[in-house]
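Residue strings, one per chain:
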Amino acid sequence: MRLAALFRSYGGYGLIRLAVDLACTRLMFPRARLIRRPFYIRGAHSIVFGRGFTSGPGLRLDALGDAVKIVIGDDVQVNNNVHIAATKNVSIGNRVLIASGVFIADHNHGVYSGDDQSNPNVPPAARPLSSSSVAIGDDTWLGEHVCVLPGVRIGKGVVVGAGAVVTADLPDFVLAVGSPARVIKQFEFSRGRWLPPK
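Rules behind the numbers
Residues numbered from 1 in each chain as written. Predicted model: local features only at pLDDT ≥ 70, side-chain atom pairs only at ≥ 80, totals over all residues. Heavy atoms only, no water. Helix = DSSP H or I, 4+ residues; strand = E, 2+ residues; numbered from the N terminus. Buried < 20%, exposed > 50% of the residue type's maximum accessible area, 1.4 Å probe, protein only. Pairing = 2+ DSSP bridges. Salt bridge = Lys/Arg side-chain N within 4 Å of Asp/Glu carboxyl O. Core = buried A, V, L, I, M, F, W, Y, C linked by side-chain atoms within 4.5 Å. Contact = heavy atoms within 4.5 Å.

Help me understand unusual backbone geometry, please; the structure alone is not making it clear to me.
With the exception of glycine, the majority of residues adopt a negative phi angle, and the majority of peptide bonds are in the trans configuration. The omega angle of the peptide bond from R37 to P38 is -5°, so this bond is cis rather than trans. Within the element layout of this structure, P38 appears in the loop between β1 (34–35) and β2 (39–42). In this structure, P180 follows S179 across a cis peptide bond, with omega equal to 0°. Mapped onto the fold, P180 is located in the loop between β20 (174–177) and β21 (182–188). At H145, a residue that is not glycine, the phi angle is positive and equals roughly 60°. Overall, H145 belongs to the exposed group, its relative accessible area being 53%.

What should I look at first to understand the sheet that holds strand β9 (residues 89–92) in this one?
Sheet strands pair by backbone hydrogen bonding; their relative direction is either parallel or antiparallel. The sheet built from 5 strands is open, its strands ordered β3-β6-β9-β14-β17 with parallel pairing. Two strands in the sheet have a free side with no partner beyond their single neighbour: β3 (47–49) and β17 (153–154). Bridge count between strand β6 (residues 69–72) and β9: 4 bridges; the pairing is parallel. Residue pairing for β9: K69 is matched across the bridge by N89.

Help me understand the pairing of β20, please; the structure alone is not making it clear to me.
Note on strand geometry: in a regular strand, side chains alternate between the two faces of the sheet. Of the pairings in the sheet, the one linking strand β18 (residues 159–160) to β20 comprises 2 bridges and is parallel in character. From the neighbouring strand, V160 faces β20, where its bridge partner is A176. Inspection of the sheet shows β20 paired to β21 by 4 bridges, in the antiparallel sense. Each residue of the ladder has a partner; that of L175, found in β21, is K185. Adjacent in sequence and paired antiparallel, β20 and β21 are bridged by 4 residues, among which G178 carries a positive phi angle near 95°.

Just checking my understanding: could you explain the pattern of salt bridges for this structure?
Any two side chains of opposite charge can pair if their charged atoms end up close together. Applying the stated criterion across every chain, the model contains 7 salt bridges. In this structure, the salt-bridge partner of D139 is R95, at a minimum N-O distance of 2.7 Å. With D139 in the loop between β14 (134–136) and β15 (141–142) and R95 in the loop between β9 and β10 (97–98), the pair connects residues that are 44 residues apart, well separated along the chain. Look at D139 and you get partly exposed, because its relative accessible area is 32%. A relative accessible area of 43% places R95 in the partly exposed class.

Where do I start with the nonpolar core in this structure?
For soluble globular proteins, nonpolar side chains are generally found buried alongside one another. Ranked by size, the top nonpolar core spans 39 residues in total, and within it I92, I104 and L142 carry the most contacts. If you list the elements that add at least two residues to this core, you get β3, β5 (59–63), β6, β8 (83–86), β9, β14 and β20. Beyond its immediate sequence surroundings of up to four residues, I104 is in contact with H83, I84, A85, V90, I92, I98, V134, I136, L142 and V148.

Mind showing me how you'd approach the sheet that holds strand β7 (residues 77–78) here?
The strand order β1-β4-β7-β10-β15-β18-β20-β21-β22 describes an open sheet built from 9 strands, whose pairing is mixed. For this open sheet the edge positions go to β1 and β22 (193–195), each flanked by a neighbour on one side alone. Here 2 bridges tie β10 to β15, and the two strands are oriented parallel to one another. Bridging from a neighbouring strand, L97 pairs with W141 of β15.

Dropping the structure here:
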């Protein structure tokens, strides 16, 4: 019965592809549930997958350096064409949902604030990397094409709307949209609803 439902959902070719993806996942990433091909993972020794990790096709993970860590919690689901890059540390909590086309990075090519800023006459790829850790809390949902920039902490139970650029910390249980992302609602537990912040 379950096989018939899978066939209706995926079709013949899709079911064969799913079986191959499952076999590759079991061999290469035994803690993960399913990592769909194609994927690109650089610095796999510095990446920790939680149990039940699931990805869509086009996943790209870059852990650039020996002391770098990308830590992904349990039951995290990322959709198509998600790119996570770290030169220091990116941590993603448990039960996080990440939509398609999301970019998360803990570094920039160059420095653009403070006293020692990058010179625009130097090609971007030749500018020194600046890094600041990124943390995303449990039960957070990042919508389509969200961009999370270096040094950001996103709290627990946060919803970040499609296309938002997160440039500063977001507290727990808020809904944020825009570029730069700003809080437009906060969950009021006493009333059981999302309401404008006070």
